[in-house]
Amino acid sequence: MKPYVILNSAMTLDGKIATKTGSSEISGPEDLLRVHRLRKELDSIMVGINTVLEDDPRLTVHKVPSEKSDNPLRVVTDSRARTPLNSRVINEEASTLVAVTEKASPQKLQALKGVGENVDVVITGKYQVDLSLLMNELAQKGVRTLMLEGGSTLNYSMLETGLVDEVRVCLAPMIAGGVNAKTLAGGEGVAYMKDAFKLKLKKSYNLGEDLILEYTVIK
Ligand SMILES: NC(=O)c1ccc[n+]([C@@H]2O[C@H](COP(=O)([O-])OP(=O)(O)OC[C@H]3O[C@@H](n4cnc5c(N)ncnc54)[C@H](OP(=O)(O)O)[C@@H]3O)[C@@H](O)[C@H]2O)c1
């Protein structure tokens, strides 16, 4: 059992989701509204811990009219429970589930659990968060849809584990370059193109200066 997963990302023409310094303001204003409308439609939204540490995102619906109840459940993959206690992803605006592993220190776990009723901590996996188990756990909590919002490492792991159903990309008319700048999917990468994750384009349209591409992942 697992939620339906939409990987949503903004990237430059050369596939970068951030610059070498981590700057990631890529979407135009119209795309930001699209992302917030999508957040409002879905049950949950997930990011990796590096995105929390670098961007300190709120992961709420705040650019379109909304109620507190419109906010999706925020999920962070954070093996070592490094989520800072003052980070916005665990503020009171919405509920948050921090997925950690057995290697998280008891002190850090305790501190996270003490943040408040809106923060839930689940232990899944030994060294890295077991994404299949996590998806199963989310489904059991009633989560039917999940928006995967990066970053690069988590996107790759989710694709590799076969957990992504759709990919939606905002392609901005920019080229960032930089061998160390993060791309849509990082991780280890496949060795041969025949092993690349295959997609089928189902929709494309212009949005302001950007191009939106929507794909189904072929399984
Ligand atoms: N343009 C966009 O749409 C967009 C969206 C989001 C992020 N970004 C950018 O992406 C960058 C961050 O990407 P990133 O690749 O460095 O990090 P990331 O994907 O945000 O986080 C990866 C981390 O998550 C943790 N993790 C736990 N279990 C995992 C698993 N099973 N698979 C993968 N990761 C797991 C790992 O750290 P631990 O081992 O410590 O747990 C891992 O290093 C930032 O610069 C951000 O601005 C851009």
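Rules and cut-offs
Residues numbered from 1 in each chain as written. Predicted model: local features only at pLDDT ≥ 70, side-chain atom pairs only at ≥ 80, totals over all residues. Heavy atoms only, no water. Core = buried A, V, L, I, M, F, W, Y, C linked by side-chain atoms within 4.5 Å. Buried < 20%, exposed > 50% of the residue type's maximum accessible area, 1.4 Å probe, protein only. Helix = DSSP H or I, 4+ residues; strand = E, 2+ residues; numbered from the N terminus. Contact = heavy atoms within 4.5 Å. Pairing = 2+ DSSP bridges. Axes fitted to C-alpha atoms, helices over the stretch in contact; angles between N-to-C directions. 1 Å grid on protein atoms, 1.4 Å probe; cavity = no way out; pocket = protein on both sides within 12 Å on 5 of 7 lines; lining within 4 Å. Points joined across faces, edges and corners; volume = space filled by probe spheres on them. Nonpolar A, V, L, I, M, F, W, Y, C, P; charged D, E, K, R; others polar. Expected span 1.5 Å × (residues − 1). Arc of directions from axis to C-beta. Polar contact = N/O pair within 3.5 Å; in protein donor to acceptor, adjacent residues only side chain to side chain. Near = heavy atom within 4 Å. Areas by Shrake-Rupley, 256 points an atom, 1.4 Å probe, with all protein chains shown as cover.

**Some thoughts on the nonpolar core**
- In this structure, Met 46, Leu 134, Met 135, Leu 138, Leu 148, Met 158 and Val 164 are the most contacted members of the largest nonpolar core, which totals 28 residues.
- Those elements that place two or more of their residues in this core are β1 (4-12), β3 (73-77), β4 (96-100), α4 (131-140), β6 (145-148), α5 (152-160), β7 (166-172) and β9 (210-217).
- Looking at this core element by element, the count peaks at 4 residues for α4.
- Setting aside anything within four residues of it in sequence, one finds Leu 148 in contact with Val 5, Ile 6, Leu 7, Asn 8, Met 46, Leu 154, Asn 155, Met 158 and Val 164.
- Counting 21 residues, the second-largest nonpolar core is a separate cluster that includes Val 52, Val 76, Ala 104 and Leu 109.

**A look at the sheet that holds strand β2 (residues 44-48)**
- Here we have 9 strands laid out as an open sheet, ordered β5-β4-β3-β2-β6-β1-β7-β9-β8, and mixed in their pairing. Looking at strand neighbours, the two that pair on one side only are β5 (119-123) and β8 (199-207), the edges of this open sheet. Between one strand axis and the next, the sheet turns by 20 degrees as a mean value, whatever way the strands run.
- Here helix α3 (residues 106-113) sits on the sheet and contacts β4 and β5; the angle it forms with β5, its principal contact strand, is near 150 degrees.

**As for the layout of surface pockets**
- Approximately 160 Å³ is the volume attributed to the second largest pocket.
- Contributing to the lining of the second largest pocket are Tyr 156, Ala 185, Gly 186, Gly 189, Val 190, Tyr 192, Met 193, Ala 196, Phe 197 and Leu 199.
- For the lining of the second largest pocket, the per-class residue count stands at 8 nonpolar, 2 polar and no charged.

**Here's the deal with the environment of Val 115**
- Along the chain, Val 115 falls in the loop between α3 and β5.
- Spatially, the C-alpha atoms of Val 115 and Asp 210 are 39 Å apart, while their sequence positions differ by 95 residues.
- Contacts of Val 115, omitting those with residues within four sequence positions, involve Leu 85 and Ile 90.

**Focus on helix α1 (residues 29-41)**
- Compared with the 18 Å implied by 1.5 Å per residue over 13 residues, the 19 Å span of α1 between its first and last C-alpha is a close match.
- At its buried positions, α1 is contacted by β1, β2, β6, β7, β8 and β9.

**Details of α4**
- Among the residues of α4, Leu 131, Leu 134, Met 135, Leu 138 and Ala 139 are the ones counted as buried. The buried residues of α4 occupy one face: seen down the axis, they fall within an arc of 140 degrees.
- The opening residue of α4 is Asp 130, an N-cap whose side-chain oxygen sits 3.2 Å from the backbone nitrogen of Ser 132.
- Of the residues trailing α4, Gly 142 is marked for its positive phi of about 95 degrees.

**Some details on the site of the ligand**
- Close contacts around the ligand come from 29 residues, with Thr 51, Asp 55, Ser 79, Glu 149 and Thr 153 the closest.
- The separation between a nitrogen atom of the ligand and a polar main-chain atom of Ala 10 is 2.9 Å.
- Here Gly 48 contributes a backbone N or O atom positioned 3.4 Å from an oxygen atom of the ligand.
- Against a free-state accessible area of 940 Å², the protein chains account for coverage of 92% of the ligand.
- Take the shell around the ligand: its biggest share by element is 5 residues, from helix α2 (residues 49-55).
- Taken together, the residues of the shell around the ligand sort by class into 8 nonpolar, 14 polar and 7 charged.

**What to know about unusual backbone geometry**
- Between Gly 150 and Gly 151 the backbone carries a cis peptide bond, its omega angle lying at 0 degrees.
- With respect to the helices, strands and loops of the structure, Gly 151 is situated in the loop between β6 and α5.
- Phi at Asp 56 takes a positive value of approximately 45 degrees, unusual for a residue other than glycine.
- Relative to the elements of secondary structure, Asp 56 occurs in the loop between α2 and β3.
- Asp 56 sits in the partly exposed class, given a relative accessible area of 27%.

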